[in-house]
Amino acid sequence: APGWLDKGKTLARHLRDIHSHELSDIPSTIARKLNLFVCHLCETTVYSRESDLTKHIKNKHLTFRTSPNKNVATSKLYKEGYTNEENCWDEGLAWLSTVDATEPPPFRQTLFLKVQWKLRAEVIDLFADILEATAEASKQAKRDEDIESSSF
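Please read all numbers here as calculations on a predicted model, not as lab measurements.

### Re the overall build of the protein chain
Next, step 1: Looking only at helices and strands, the protein chain features 7 helices and 4 strands.
Next, step 2: Going from the N terminus to the C terminus, the protein chain shows its helices and strands as α-α-β-β-α-β-α-α-α-β-α.
Next, step 3: Buried residues in the protein chain amount to 16% of all 152 residues.
Next, step 4: Taking the contacts inside the protein chain whose residues are at least 6 apart along the sequence as the reference set, 47% of them involve residues at least 24 apart.
Next, step 5: Only carbon and sulfur atoms are counted for the fraction: they give 56% of the accessible area of the protein chain, which is about 12,300 Å².

### What about the packing of helix H4 (residues 69–77) against helix H6 (residues 117–137)?
Next, step 1: Between H4 and H6, the shortest axis-to-axis distance is 9 Å and the interhelical angle comes to 155°. Judged on the interaxial angle alone, H6 and H4 are roughly antiparallel. For the element pair H4 and H6, the recorded crossing hand is right-handed. Within the contact between the two elements, H4 uses Asn69, Val72, Lys76 and Leu77 and H6 uses Leu126, Asp129, Ile130, Glu132, Ala133, Glu136 and Ala137.
Next, step 2: For the contact of H4 with H6, a count of residues per class yields 6 nonpolar, 1 polar and 4 charged.

### Things to note about the packing of H4 against helix H5 (residues 89–96)
Next, step 1: Where H4 meets H5, the axes come as close as 12 Å, and the angle between the chain directions of the two elements is 130°. On the basis of the axis angle, H4 is oblique to H5. With respect to the hand of their crossing, H4 and H5 are arranged in right-handed fashion. Here Lys70, Ala73, Thr74 and Leu77 of H4 come into contact with H5, specifically with Trp89, Asp90 and Leu93.

### Some words on the pattern of salt bridges
Next, step 1: Within the structure shown, the criterion is met by 4 salt bridges.
Next, step 2: Across the pair aspartate 90 and lysine 70 runs a salt bridge, and its minimum N-O distance is 3.1 Å. Of this pair, aspartate 90 sits in helix H5 while lysine 70 sits in helix H4, and the two are 20 residues apart along the sequence.
Next, step 3: You can call aspartate 90 partly exposed: its relative accessible area is 45%.
Next, step 4: Between glutamate 132 and lysine 76 there is a salt bridge whose closest N-O contact spans 3.6 Å. Here the residue glutamate 132 occupies a position in helix H6, and lysine 76 occupies one in helix H4, the gap between them amounting to 56 residues.
Next, step 5: Under the relative-accessibility criterion, glutamate 132 is labelled partly exposed at 43%.
Next, step 6: According to the relative accessible area criterion, lysine 76 is partly exposed, its value standing at 25%.

### Observations regarding the nonpolar core
Next, step 1: Residues Ala12, Leu15, Leu23, Ala31, Leu36, Val38 and Val46 constitute the largest nonpolar core, which totals 7 residues.
Next, step 2: Among residues more than four places away in sequence, those in contact with valine 38 are Leu23, Thr45, Val46 and Leu53.

### A closer look at the packing of aromatic side chains
Next, step 1: Considering all chains together, one arrives at 1 aromatic pair under this definition.
Next, step 2: Relative to tryptophan 89, the ring of tyrosine 78 has its centre 5.3 Å away and its plane inclined at 35°; by these criteria the two rings are tilted. With tyrosine 78 in the loop between H4 and H5 and tryptophan 89 in helix H5, the pair connects residues that are 11 residues apart, well separated along the chain.
Next, step 3: What makes tyrosine 78 partly exposed here is its relative accessible area of 24%.
Next, step 4: You can call tryptophan 89 partly exposed: its relative accessible area is 22%.
Next, step 5: Across from the ring centre of tyrosine 47, 5.3 Å away, lies the NZ or CZ of arginine 16, which sits over that ring.
Next, step 6: Positioned over the ring face of phenylalanine 112 is arginine 120, at 5.2 Å from the centre of the ring.

Rules behind the numbers
Residues numbered from 1 in each chain as written. Predicted model: local features only at pLDDT ≥ 70, side-chain atom pairs only at ≥ 80, totals over all residues. Heavy atoms only, no water. Helix = DSSP H or I, 4+ residues; strand = E, 2+ residues; numbered from the N terminus. Buried < 20%, exposed > 50% of the residue type's maximum accessible area, 1.4 Å probe, protein only. Contact = heavy atoms within 4.5 Å. Areas by Shrake-Rupley, 256 points an atom, 1.4 Å probe, with all protein chains shown as cover. Axes fitted to C-alpha atoms, helices over the stretch in contact; angles between N-to-C directions. Parallel < 35°, antiparallel > 145°, perpendicular 65-115°, else oblique. Left-handed = near helix turned anticlockwise from the far one by under 90°. Nonpolar A, V, L, I, M, F, W, Y, C, P; charged D, E, K, R; others polar. Salt bridge = Lys/Arg side-chain N within 4 Å of Asp/Glu carboxyl O. Core = buried A, V, L, I, M, F, W, Y, C linked by side-chain atoms within 4.5 Å. Phe/Tyr/Trp six-rings, centres within 6.5 Å; stacked < 30°, edge-to-face > 60°. Lys NZ or Arg CZ within 6 Å of the ring centre and 35° of its normal.

Listed below in structure tokens is the structure:
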């Protein structure tokens, strides 16, 4: 079929072969209009079908985890000896597992501007640690039997 009738396959192949180093420069609005699906993980691959991009991501970029949620949270967020206060880490995690997170909280207010400037760097570091823990916890379990476990 001529290149303009093949639903973007020729364009995707051309971009992948000749312009792979420039794929990240394609605005997402234009890519959607042209039926192009750019892999934003490696930014050197583009497909004309979303299913091909999904297959690429599963084959090239999907990572798994072997640790349950408590271990992920502990490894990313808990710092031994950080404070001399009584440690209630395990009790806090147990309480968090009882919170209904299906509904947003009844309030939404940032307290970041109220934090003293000396502590802001630590709050930002904590936020980065929470993002890392969330990304790790969202990975698929490596073993099938772990997928059914509530601790994953």
